[in-house]
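# Descriptive analysis of the structure
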Amino acid sequence: MKNKKISMKKFLRYIITYLILIILAFFFTFPFLWTLSTSLKGPVNLFKWPPEWIPKDPTIENYIMVFKKLPMLKYFLNTVIITGLGVVFQVITSTLAAYPLARMQFKGRNLIFTLILLPMLIPMQGALIVNFLTIINLNLYNTYLGVVITSAVSIFGIFLMRQNYLSVPRELEDAARIDGCNEFQIWWKIILPLVRPATATLAIFAFAAYWNSFLWPLIVLRDASKYPLQVGLAQLNSVFEGNFRQISAAIVIATIPILIFFFFTQKFFIEGYKGAVKQ
Amino acid sequence: MFLSRKAQKYLIAFSFLIIPLILLGIFTYYPIVRGIVLSFADYNMLRRTTKWVGFENYKYLFNYKYFYIALGNSFKYLIVVPFIQFFSILLAVLVNQKIPGIKFFRTLFYIPVITGAVIVSIAWRWIYDVDGLLNFMLLNLGIIKEPILWLSDKRIALFSAMFVTFWRGLGYYMVIYLAGLQNIPSELYEAAMIDGANKKQIFWKITIPLLRPTMLLCFLLSTLSALKVFEEVYLLTQGGAQTTTLLYEMYDLAFNRYQFGRSAALSVIFSGILIVFALLNFKFFGYRGEKS
């Protein structure tokens, strides 16, 4: 009798938990669901009561119009180039800089580490103006390199890689040293392969940041033909003159790649923060 | 080799560090210094001339109406911080349970974070529109009689933007808290259970104290990003309906009105405010939880 009562209670708790989870899931996704639904609707009866979440006569006409009016493929390719460059830069600079900070003894090491972390407390948006002038002086205005080079070093990335380098046992390194490896070989052949999960995490964080970056590319790029997706999409309202069905279709097209990417890489996001907040 | 062992070590260490440090120097440290210098000058981008004006830029700002509106709004935006933190801790505890399908829900809660500000803002503009989903629902349910101008009414627009920030930030902090929760060694929970502690006691005596370093990090991050809010304002209202913030004003001065000196001066004032807030955060939460 008592057992039954407990399992009943447990069952009820399960139901309530899932109910809360489903309500929350709707809370976090309804703007996207509404956008998806709108993008499939025809010109008649955009609004009905009760709201029509699943359109009765779905149409792909809005999507065809988006591809006609906007160079979506071009935007997509631009985004891929910018994101790819950015990820490569951040992974190289972080894995390099963090190594001596974690695994070599030399005077001034902690000072350099503090200096690297310091800008986290300063609003780097203030740097926008000066960096904009620097980019012009370096003849990088209106180039992809100009978009990524200012953020080629990720402070978070250096911090993350340092924490992970610290966790590799000393003995492995000593054994390699006895076998006659120099410092670069130890880094490249022994340590770096052991922190591959952290490197993957860093790459994924960088990917998401560059893919969604918006303000800096908007400032640095002049030609609309070089715009990445986010910047291109921000101009939507003027292109489509407030036609929300077509705007919605454009949003759906832009969202799908990042959702697919996130679906396959999500475990790295939590692992990454675990690596960063562990002591 | 003629170099001493010590010098060799330096050489090796700096060959790892040199490229990242040069890049940081050009695009991080130099702008900080140059920005301060620029705030005392009138810089003309076309002619590339610099005219020294002393404190004129600062004086201008202190007599500038929108500076005060922006300042007020950036501070008002801090209202978001406690809400985001409270609910993201709750969310993290909720999704830290080991029940079937929980990973799927985590993914769904993170979608607003991963999709980026532009897409999120366009979707919300569609909801907040005069003929948008929100007004339509409220009108039909009989809650309001007239459509509400969510993004153009001076009294409401800032709060509409804040809600988007809240909605967009929850998943981000949830994941950081989740990582913090999963870093707490399970032996501690087991020991407490053996000692006969109940769930409430475990939560308040073990989970919360051990989550302190994560809480410090998250409060710091969300305080700074509330003060630094830009994307929501830029994308939802373009600074209209008195929703301008310090960062939006800074952007507007430099890139719409080409008043780089004034914008740099605002940036210096803004940096001061942010540093004060960062220090307050450290003081309030203390270094106690921070071990490294």
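Residues numbered from 1 in each chain as written. Chains lettered and ligands numbered in written order. Predicted model: local features only at pLDDT ≥ 70, side-chain atom pairs only at ≥ 80, totals over all residues. Heavy atoms only, no water.

## A few points about the overall build of chain B
For chain B, the count of helices and strands is 14 helices and two strands. Its C-alpha atoms give chain B a radius of gyration of 24 Å, clearly above 19 Å, the size a compact globule of 292 residues would have. Viewed in the frame of its principal axes, chain B has a C-alpha envelope of about 85 × 75 × 30 Å. Within chain B, buried positions represent 52% of all 292 residues. Taking the intrachain contacts of chain B between residues at least 6 apart in sequence as the baseline, contacts between residues at least 24 apart amount to 66%. (Helix = DSSP H or I, 4+ residues; strand = E, 2+ residues; numbered from the N terminus. Rg over C-alpha atoms; globule rule 2.2 N^0.38 Å. Buried < 20%, exposed > 50% of the residue type's maximum accessible area, 1.4 Å probe, protein only. Contact = heavy atoms within 4.5 Å.)

## Considerations on the interface of chain B and chain A
Contacts between chain B and chain A engage 98 residues on the former and 92 residues on the latter. Carbon and sulfur atoms supply 80% of the area buried between chain B and chain A, which totals about 8,600 Å² over both sides. On the chain B side of the contact with chain A, F16, F27 and W126 of chain B bury the most area, a combined 11% of that side's loss. For the side of chain B that touches chain A, the element with the highest residue contribution is helix α1 (residues 5-38) of chain B, accounting for 22 residues. In terms of residue class, the side of chain B that touches chain A is made up of 71 nonpolar, 16 polar and 11 charged. (Buried area = accessible area lost by both parts, 1.4 Å probe. Nonpolar A, V, L, I, M, F, W, Y, C, P; charged D, E, K, R; others polar.)

## With respect to the packing of aromatic side chains
Applying the stated criterion across every chain yields a total of 54 aromatic pairs over all chains. Taken together, a centroid distance of 6.0 Å and an interplanar angle of 80° make the contact between F132 of chain A and Y141 of chain A edge-to-face. Ring geometry for Y234 of chain B and Y251 of chain B: centres 5.6 Å apart, planes at 85°, overall edge-to-face. Placement of Y234 of chain B in helix α12 (residues 231-236) and of Y251 of chain B in helix α13 (residues 246-256) is noted, with a sequence separation of 17 residues between them. The pair Y234 of chain B / Y251 of chain B is uniform in exposure class, with both members buried. Taking NZ or CZ as reference, R162 of chain A lies 4.1 Å from the ring centre of F113 of chain A, over its face. We note R262 of chain B situated over the ring of Y60 of chain B; from NZ or CZ to the ring centre the distance is 3.5 Å. (Phe/Tyr/Trp six-rings, centres within 6.5 Å; stacked < 30°, edge-to-face > 60°. Lys NZ or Arg CZ within 6 Å of the ring centre and 35° of its normal.)

## Overview of the domain arrangement of chain A
Residue and element names in this part refer to chain A. When cut into domains, chain A gives domain 1 (2-59) and domain 2 (64-277). The interface is formed by eight residues belonging to domain 1 together with six residues belonging to domain 2. Both sides of the domain 1 and domain 2 interface together cover about 560 Å² of buried area, and 78% of this is carbon and sulfur. The largest share of the area that domain 1 buries against domain 2 comes from T35, T38 and S39, three residues that together contribute 57% of it. Applying the counting criterion to the domain 1 and domain 2 interface returns zero salt bridges. Where domain 1 packs against domain 2, one counts zero residue pairs in polar contact (both at pLDDT 80 or more). Classifying every residue of the side of domain 1 that touches domain 2 gives three nonpolar, four polar and one charged. (Domains from an automatic or database assignment. Salt bridge = Lys/Arg side-chain N within 4 Å of Asp/Glu carboxyl O. Polar contact = N/O pair within 3.5 Å; in protein donor to acceptor, adjacent residues only side chain to side chain.)

## Points about the pairing of strand β2 (residues 49-52) of chain B
Residue and element names in this part refer to chain B. Inspection of the sheet shows strand β1 (residues 41-44) paired to β2 by four bridges, in the antiparallel sense. Following the sheet pairing, D42 is matched in β2 by K51. From the end of β1 to the start of β2, which pair antiparallel, there are four residues, and R48 there has a positive phi angle of about 55°. (Pairing = 2+ DSSP bridges.)

## Some words on unusual backbone geometry
Of note in this structure, N139 of chain A is not a glycine but carries a positive phi near 60°. Unusually for a residue other than glycine, Y258 of chain B sits at a positive phi of about 55°. If you trace the backbone, Y258 of chain B turns up in the loop between α13 and α14 (260-285). Y258 of chain B sits in the exposed class, given a relative accessible area of 51%.

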